[in-house]
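Here is how the chains run, residue by residue.
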Amino acid sequence: MELIQNTPDLSAYLAADEAIDHDHPVVRETAARLAAKVADSYAYARAAFEFVRDAVPHSQDSGDPRVTWRASDVLALRTGICYAKAHALAALLRAEDIPTALCYQKLDVVHGLVAVRFNGAWHRQDPRGNKPGVDAQFSLDGERLAWTPDPESNEMDYPVLYAEPHPAVLRALRAAQDRPGLWKTLPTAL
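Everything quoted here is computed from the prediction, not taken from an experiment.

S.K.: Honestly, the layout of surface pockets in this entry has me stumped. Any pointers?
M.R.: One simple way to see leftover space: roll a probe sized like a water molecule over the atoms. Computed from the structure, the largest pocket encloses a volume of approximately 350 Å³. As for the largest pocket, its lining consists of 19 residues, of which Leu 107, Val 109, His 111, Arg 128 and Trp 147 are closest to the centre. At the level of elements, helix 3 (59-62), helix 5 (82-95) and strand 3 (110-118) are the ones that each hand at least two residues to the lining of the largest pocket. Split into classes, the residues belonging to the lining of the largest pocket amount to 10 nonpolar, four polar and five charged.

S.K.: Explain the packing of helix 1 (residues 25-35) against helix 5 to me, please; I cannot follow it from the model alone.
M.R.: Each pair of packed helices can be described by the angle between their axes along with the distance between the axes. For the pair helix 1 and helix 5, the least separation of the axes is 9 Å and the interaxial angle reads 65°. In terms of axis orientation, helix 1 runs roughly perpendicular to helix 5. In this structure, helix 1 meets helix 5 at a crossing whose hand is right-handed. The residues of helix 5 that touch helix 1, namely those facing Val 27, Arg 28, Thr 30, Ala 31 and Leu 34, are Ala 91, Leu 92 and Ala 95. The class makeup of the residues in the contact of helix 1 with helix 5 is six nonpolar, one polar and one charged.

S.K.: Where do I start with the packing of aromatic side chains in this structure?
M.R.: The geometry of two aromatic rings is summed up by the distance between their centres and the angle between their planes. All told, the structure shown has five aromatic pairs when counted by the stated rule. Centroid distance Phe 49 to Phe 138: 5.8 Å. Interplanar angle 50°. Geometry classified as tilted. Placement of the pair is Phe 49 in helix 2 (residues 41-55) and Phe 138 in the loop between strand 4 (121-125) and strand 5 (156-157), with a sequence separation of 89 residues. Pair check on accessibility: Phe 49 and Phe 138 agree, each one buried. Taken together through their ring pairs, the aromatic side chains of Tyr 83, Tyr 104 and Tyr 162 make up a single cluster.

S.K.: Would you take a moment to explain the sheet that holds strand 3 for this structure?
M.R.: In space, the four strands of this open sheet follow the order 4-3-2-5, with antiparallel pairing throughout. In the strand order of this sheet, the two ends are held by strand 4 and strand 5, each with one partner. Of the strand pairs in this sheet, strand 2 (residues 100-106) and strand 3 are connected by seven bridges, and their pairing is antiparallel. Opposite Lys 106, over in strand 3, you have Val 110 as the bridge partner. Contacting strand 2 and strand 3, helix 5 runs over the sheet at an angle of about 15° to strand 3.

S.K.: Explain the pattern of salt bridges here, please?
M.R.: One side chain can pair with another of opposite charge once the charged atoms of both are near each other. If you walk through the whole model with that rule in mind, you get 10 salt bridges. Between Asp 54 and Arg 53 there is a salt bridge; the shortest N-O distance is 2.6 Å. Arg 66 is the partner of Asp 64 in a salt bridge, and the nearest nitrogen-oxygen pair spans 2.6 Å. A residue is classified by how much of its surface remains accessible, and Arg 66, at 37% relative accessible area, is partly exposed.

S.K.: Before we go on, may I ask you to explain helix 5 in this structure?
M.R.: Compared with an ideal rise of 1.5 Å per residue, which puts 14 residues at 20 Å, helix 5 spans 20 Å between its outermost C-alpha atoms and is within 8% of the ideal. Counted residue by residue, helix 5 has 14 buried out of 14 residues, so it is predominantly covered. Following helix 5 by one or two positions, Asp 97 has its phi on the positive side, about 60°.

Conventions used here
- Residues numbered from 1 in each chain as written.
- Predicted model: local features only at pLDDT ≥ 70, side-chain atom pairs only at ≥ 80, totals over all residues.
- Heavy atoms only, no water.
- 1 Å grid on protein atoms, 1.4 Å probe; cavity = no way out; pocket = protein on both sides within 12 Å on 5 of 7 lines; lining within 4 Å.
- Points joined across faces, edges and corners; volume = space filled by probe spheres on them.
- Helix = DSSP H or I, 4+ residues; strand = E, 2+ residues; numbered from the N terminus.
- Nonpolar A, V, L, I, M, F, W, Y, C, P; charged D, E, K, R; others polar.
- Axes fitted to C-alpha atoms, helices over the stretch in contact; angles between N-to-C directions.
- Parallel < 35°, antiparallel > 145°, perpendicular 65-115°, else oblique.
- Left-handed = near helix turned anticlockwise from the far one by under 90°.
- Contact = heavy atoms within 4.5 Å.
- Phe/Tyr/Trp six-rings, centres within 6.5 Å; stacked < 30°, edge-to-face > 60°.
- Buried < 20%, exposed > 50% of the residue type's maximum accessible area, 1.4 Å probe, protein only.
- Pairing = 2+ DSSP bridges.
- Salt bridge = Lys/Arg side-chain N within 4 Å of Asp/Glu carboxyl O.
- Expected span 1.5 Å × (residues − 1).

In short, geometric facts, not functional conclusions.
What follows is the structure, encoded as structure tokens:
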């Protein structure tokens, strides 16, 4: 699948916004702590991915009813669903000048991922969090995502790489009072 930037301006994939608030002190402190332990941007990207995947539980898996959507809140509260975790990873990567896009899959509902740009190409990553039957890994040599869409079930990978969270995703996250309520309003398509 060919990944398509929704804007040709690569600097848009480094920008901060309301959800990917990489200028926030919590994000900056976390990024600095992770960066101090690695030798280069590739190792940093892997460390940031593994941190978000492993140290921030997916709220459905952990039973946490809180809904987070800002990267800083995800990192401070250590909880989030796939979209929120993607926002946190994007913020950590952008904080260290690694172009990062948000991208999505259509499964039963829309699932959130990120794509990082290295060596002139985009590489999708899934920081959702592992559990039995899910083994997402950081990889620049072929995708190791949590889910593979089943076209026979009308599932698909969306090829668009967004510089900002998709409005339908952000709308659902912002409006939700709690995770059970969010589950009723998750987008089923983009």
